[in-house]
Amino acid sequence: PFDVLVVGGGPAGAAAAIYAARKGIRVGVAAERFGGQVLDTMGIENFISVPYTEGPKLAAHLEQHVKENGVDIMNLQRAEKLVPASREGGLHELVLANGASLKARTIILTTGARWRQMNVPGEDEYRNKGVAYCPHCDGPLFKGKRVAVIGGGNSGVEAAIDLAGIVAHVTLIEFDSQLRADAVLQRKLASLPNVKILTSSMTTRVNGDGTKVTGLTYKDRVSGAEHDIELEGIFVQIGLVPNTEWMKDAVALTPRGEIVIDARGETSQPGIFAAGDATTVPYKQIVIAMGAGSTAALSAFDYLIRLPAE
Ligand code: FAD
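All values derive from a computational prediction rather than experimental measurement. (Residues numbered from 1 in each chain as written. Predicted model: local features only at pLDDT ≥ 70, side-chain atom pairs only at ≥ 80, totals over all residues.)

A. Spatial organisation of the overall build of the chain. Regarding its fold elements, the chain presents 6 helices and 19 strands. Taking 310 residues into account, the globule formula puts the C-alpha radius of gyration at 19 Å, and the chain, at 21 Å, falls close to it. In terms of its C-alpha atoms, the chain occupies a principal-axis envelope of roughly 70 × 35 × 35 Å. Excluding contacts between residues fewer than 6 apart, the proportion of contacts in the chain whose partners are at least 24 apart in sequence is 61%. (Helix = DSSP H or I, 4+ residues; strand = E, 2+ residues; numbered from the N terminus. Rg over C-alpha atoms; globule rule 2.2 N^0.38 Å. Contact = placed C-beta atoms within 7 Å.)

So this is what it looks like as structure tokens:
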């Protein structure tokens, strides 16, 4: 069995694997797609101490660093079921889609999350070419330009307030007849001179010139009329969905599906830890996921050294 089995190979999983392996214990990583969301990212400008890198390059470095520490990487392996140990200190079981079953004294869940998409024409084509999902990451790329934020929940309104301080103009588009964000955020948004709010509006198309976004089309859900807006960027903020559906019987999740962890990365189940975008950690970023993965690995090691000798 593994001493530490990491599920997921993004920044959180890679950090957890390296920190655990450096304790001289047996560590494995099972990942559906090693690299995680980083593989889908173009420029990264907020990975501290590296002023600029690109997703595929960072993912390759993550993999190299993990391998150099003697970790067994099982890539292209999707976990489907987690069976916690029946007694404290016993072995947990992870069942993979290929039918194999892995056993481990501790497990670190780092399965990340995915941004909910609008699913309209042009969205995939112009992803990273004007269509963005992360204001902390890509906001500065649109300095002085015009952008739209799709979604009037807390994350959409926070993004609009954040972006209004950087870009020339923000159009916030909400499907419902009213915004759903907290009142304090809505008041702040309404006070900003360079923000326009459109409610009862549904984005129907991302428009572009073949290389980048030039605007979007939305439908006024009251009149049924379609309108075009010219702009350079579109931030989609309609939800970040944790990849945790398959583990709901094993560890406690919030109503939104985030794995509940404490400050040490412990889940509700002794010996099972979690880190990164799949968890209740407040901000979803590469450096934060790496810090959380390291925390979870150190906690797993702390747990292991307290297990009674067999
Ligand atoms: P992820 O990166 O999501 O990795 C999850 C891992 O788990 C993957 O290996 C996945 O294949 C695996 N997995 C999922 N389900 C299973 C399963 N059932 N079985 C086995 N494996 C599974 N952050 C920044 O800090 N700066 C940026 O510039 C930036 N830009 C971004 C741009 C885009 C387009 C996107 C989508 C995100 C961006 N982010 C950025 C956010 C950042 O990528 C995430 O915060 C970070 O990758 C989270 O790391 P993670 O390890 O928790 O999860």
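Having seen it, we continue.
B. The arrangement of the site of the ligand in detail. By nearness alone, 39 residues border the ligand, and G8, G10, G36, G112 and G276 come closest of all. Elements with a contribution of two residues or more to the shell around the ligand: α1 (11–21), β2 (27–31), β9 (113–115) and α6 (286–305). Here the residues of the shell around the ligand sort into 19 nonpolar, 14 polar and 6 charged. Inspection of the shell around the ligand shows a minimum of three residues originating in each of domain 1 (2–114 + 240–305) and domain 2 (117–236). (Near = placed C-beta within 6 Å. Nonpolar A, V, L, I, M, F, W, Y, C, P; charged D, E, K, R; others polar. Domains from an automatic or database assignment.)

C. Structural detail: the environment of P1. With respect to the helices and strands, P1 occurs in the segment before β1 (2–7). What makes P1 exposed here is the crowd of 12 C-beta atoms within 10 Å. The spatial distance from the C-alpha of P1 to the C-alpha of V95 is 13 Å, given a sequence separation of 94 residues. With residues up to four places along the chain from it excluded, the contact list for P1 reads L91, K103, A104 and R105. (Buried ≥ 20, exposed ≤ 12 C-beta atoms within 10 Å, placed from the backbone.)

D. Fine view of the domain arrangement of the chain. Domain annotation of the chain identifies domain 1 (2–114 + 240–305) and domain 2 (117–236). Distance from the C-alpha centre of domain 1 to the C-alpha centre of domain 2: 32 Å.

E. Seen up close, α6. If you check α6, its first and last C-alpha atoms are 29 Å apart, about what 20 residues at 1.5 Å a residue would give, namely 28 Å. Buried residues in α6 make contact with β1, α1, β3 (43–44), β8 (101–109) and β19 (272–274). (Expected span 1.5 Å × (residues − 1).)

F. Quick look at the environment of G265. With respect to the helices and strands, the residue G265 is situated in the loop between β18 (240–242) and β19. In contact with G265, not counting residues within four places along its chain, are F273, A274, A275, A292, T295, A296 and S299.

G. The sheet that holds strand β12 (residues 169–173), seen in detail. The strand order β10-β17-β11-β12-β13 describes an open sheet built from 5 strands, whose pairing is parallel. A single partner strand is all that each edge strand has here, and the edge strands are β10 (131–132) and β13 (195–198). Judged from the 4 bridges that link them, strand β11 (residues 146–150) and strand β17 (residues 233–236) form a sheet pairing that is parallel. By the bridge assignment for β17, I150 is matched with V236. Contacting β11, β12, β13 and β17, helix α4 (residues 154–164) crosses the sheet at an angle of about 165° to β11. (Pairing = 2+ DSSP bridges. Axes fitted to C-alpha atoms, helices over the stretch in contact; angles between N-to-C directions.)

H. Representation of the nonpolar core in the model. One finds V4, L5, A16, A17 and I108 to be the most contacted residues of the largest nonpolar core, which totals 55 residues. Elements represented by at least two residues in this core include exactly β1, α1, β2, α2 (55–68), β6 (79–83), β8, β19 and α6. The dominant element in this core, judged by the number of residues it contributes, is α1, at 9 residues. Setting aside chain neighbours within four positions, we find A17 in contact with V6, V27, V29, V66 and V71. V131, V149, L172 and L179 belong to the second largest nonpolar core, which has 33 residues in total. (Core = buried A, V, L, I, M, F, W, Y, C linked by C-beta atoms within 7 Å.)

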